[in-house]
Amino acid sequence: MASLKEVRNRITSVNSTMQITKAMKMVAAAKLRRAQDRIIQMRPYAKKLNELIAQVSQGTEVGASSPYTQVREVKNVLIVMVTSDRGLCGAFNTNVIKAAVAFINENYPVQLEKGNISVLSLGKKGSEAFARRGIKVDNEFTDIFQRLSFDTAKEAAEKVMAAFAEGTYDEVVLVYNEFKNVATQIIRTEKILPLVSEETEEKTSNTDYIFEPSEEEIILELIPKAIKLSVFKAVLDSNASEHGARMTAMDKATENGGELLKALKIEYNRSRQAAITKEILEIVGGAEALKGA
């Protein structure tokens, strides 16, 4: 049985840790509200833009001249993975890293064997994880959450788009956590380059558009915007998901700390009772010895 001093020190340590986890939960909750508002406002715009591109380009070859719609033999692949810069957010980073690894192994085993898989990490945790696996990692944008804005996401998107247009990569896949609610994040893997419109017979539109300027100019202008918006949306989703995951993890840590504190207090009381009993027995034993003398 541990000494009273050791148990007291552990109780003090647990109390201090619980204060930290409570504070981190409150900070995450405050940040989550702002992040949640941003992604909720973004989604309708992103959805409408993609629908507009699909409707306007339906049945035409307008987008074929865009450098971002060119389908090539897949030799080199870039995985754009969004993780957090910090830990203490449960399985948030682990899940997206595992999903990226599984996706690569399932869809690009030949490219992986040849060393033709590269990773652009938006967030430090992803960069660290893939560097340990010996995969080429670009960590230029690992601090993107420190200056979270459309401009910073656009910089990353433009770098990816330029590399694809130059033929450095033949496919670009985006892997991130989509925010659903505080306790739930959904892993998404989306091929963002080449941009290929999904053919949907049910969503055929009979709308007649008047184009100003030309149809080709509009489509070629919208395609880069849609790609940049996809990256920004993934960053916003991941930002909200991270705060939700951290809030949940800190709440669980505080709860576990409370359970541990109860167990330590019981142990402390037992140790104290044992010490008191021992002292009483020593006093009684000493008194009996004096009587005998």
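Residues numbered from 1 in each chain as written. Predicted model: local features only at pLDDT ≥ 70, side-chain atom pairs only at ≥ 80, totals over all residues. Heavy atoms only, no water.

Colleague: Honestly, a nonpolar patch on the surface in this entry has me stumped. Any pointers?
Modeller: The grouping of I276, I280 and V284 at the surface amounts to a nonpolar patch, some 240 Å² of accessible area in total. Mapped onto the elements of the fold, I280 is located in helix α6 (residues 215-292). (Patch = residues over 30% accessible without salt bridge, like charges linked within 9 Å, V, L, I, M, F, W, Y side chains within 5 Å. Areas by Shrake-Rupley, 256 points an atom, 1.4 Å probe, with all protein chains shown as cover. Salt bridge = Lys/Arg side-chain N within 4 Å of Asp/Glu carboxyl O. Helix = DSSP H or I, 4+ residues; strand = E, 2+ residues; numbered from the N terminus.)

Colleague: Sorry if this is basic, but what is going on with the sheet that holds strand β3 (residues 136-138) here?
Modeller: Hydrogen bonds between backbone atoms are what pair the strands of a sheet, whose relative direction is either parallel or antiparallel. Taken in spatial order, the five strands make up an open sheet running β3-β2-β1-β4-β5, and their pairing is mixed. Taken across any chain shown, the strands that pair with only one partner, and hence form the sheet edges, are β3 and β5 (184-193). Shown here is a sheet whose adjacent strand axes are inclined to one another by a mean of 25°, direction ignored. Examined bridge by bridge, strand β2 (residues 117-122) and β3 share three bridges and lie parallel to one another. Bridge pairing in β3 places S118 opposite K136. (Pairing = 2+ DSSP bridges. Axes fitted to C-alpha atoms, helices over the stretch in contact; angles between N-to-C directions.)

Colleague: Mind showing me how you'd approach the packing of aromatic side chains here?
Modeller: The relation between two aromatic rings is expressed through the spacing of the ring centres and the mutual angle of the planes. Within this structure, the stated rule accounts for two aromatic pairs. Geometrically, the ring pair formed by F103 and Y108 is edge-to-face, given 6.0 Å between the ring centres and 65° between the ring planes. Note on F150 and F232: the rings are 5.3 Å apart at their centroids and 80° apart in plane angle, and the pair reads as edge-to-face. Placement of F150 in helix α5 (residues 150-165) and of F232 in helix α6 is noted, with a sequence separation of 82 residues between them. A relative accessible area of 6% means that F232 is categorised as buried. (Phe/Tyr/Trp six-rings, centres within 6.5 Å; stacked < 30°, edge-to-face > 60°. Buried < 20%, exposed > 50% of the residue type's maximum accessible area, 1.4 Å probe, protein only.)

Colleague: Would you explain the nonpolar core in this entry?
Modeller: A general trend in soluble globular proteins is that nonpolar side chains are found buried together. Core analysis: the biggest nonpolar cluster contains 44 residues, and V80, L122, V172 and L193 have the highest contact counts within it. Breaking this core down by element, the ones donating at least two residues are α1 (4-56), β1 (77-82), β2, α5, β4 (171-181), β5 and α6. Here this core gets twelve residues from one element, more than from any other, and that element is α6. Excluding its chain neighbours within four sequence positions, the residues that come into contact with L122 are V80, M81, V82, T83, F141, I144, F145, A156, V231 and V235. Core analysis: the next-biggest nonpolar cluster, separate from the first, contains 16 residues, I97, Y108, A129 and V173 among them. (Core = buried A, V, L, I, M, F, W, Y, C linked by side-chain atoms within 4.5 Å. Contact = heavy atoms within 4.5 Å.)

Colleague: Would you mind showing me how to read a positive patch on the surface here?
Modeller: A cluster of like positive charges, contributed by K31, R33, R34 and R86, occupies part of the molecular surface. Inspection of the secondary structure puts R86 in the loop between β1 and α2 (92-107). (Lys, Arg positive; Asp, Glu negative; His and termini not counted. Charge placed at Lys NZ, Arg CZ, Asp CG, Glu CD.)

Colleague: Please clarify how the layout of surface pockets should be interpreted in this entry.
Modeller: Empty space left among the atoms is revealed by rolling a probe the size of a water molecule over them. Reported here for the second largest pocket is a volume of approximately 320 Å³. Contributing to the lining of the second largest pocket are K31, R34, A35, R38, D85, R86, F145, Q146, L148, N239, E242 and H243. Taken together, the elements giving at least two residues each to the lining of the second largest pocket come down to α1 and α6. Across the lining of the second largest pocket, the residue classes tally to three nonpolar, three polar and six charged. (1 Å grid on protein atoms, 1.4 Å probe; cavity = no way out; pocket = protein on both sides within 12 Å on 5 of 7 lines; lining within 4 Å. Points joined across faces, edges and corners; volume = space filled by probe spheres on them. Nonpolar A, V, L, I, M, F, W, Y, C, P; charged D, E, K, R; others polar.)

Colleague: What is the right way to look at the pairing of β1 in this model?
Modeller: On any regular strand, side chains alternate: one points to one face of the sheet, the next to the other face. Buried residues dominate β1, accounting for six of its six residues. Because side chains alternate across β1, one face comprises the buried residues V77, I79 and M81, and the other comprises L78, V80 and V82, equally buried. With six bridges joining them, β1 and β2 adopt parallel strand pairing. Its bridge partner lying in β2, V82 is registered against L122.

Colleague: Help me understand the side chain of K228, please; the structure alone is not making it clear to me.
Modeller: Topologically, K228 is positioned in helix α6. Each residue touching K228, except ones within four places of it in the same chain, is listed here: F150, K154, A157, E158 and M161.

Colleague: Can you walk me through the pattern of salt bridges in this structure?
Modeller: Note on pairing: side chains with opposite charge can pair once their charged atoms come close. Across all of its chains, the model carries 13 salt bridges by this definition. As a salt-bridge pair, R147 and D143 come within 3.4 Å of each other at their nearest N and O atoms. Taking relative accessible area as the criterion, R147 reaches 33% and is therefore assigned partly exposed. The class for D143 is partly exposed, based on a relative accessible area of 30%. In this structure, K252 and E255 form a salt bridge, with 3.8 Å as the shortest nitrogen-oxygen distance. Residue K252 and its partner E255 are located together in helix α6, separated by three residues, close to a single helical turn. Accessibility expressed as a relative area gives 44% for E255, which makes it partly exposed. By sharing partners, the salt bridges in this structure join R43, K233 and D237 into a single network.

No statement about biological role is implied by the geometric values presented.
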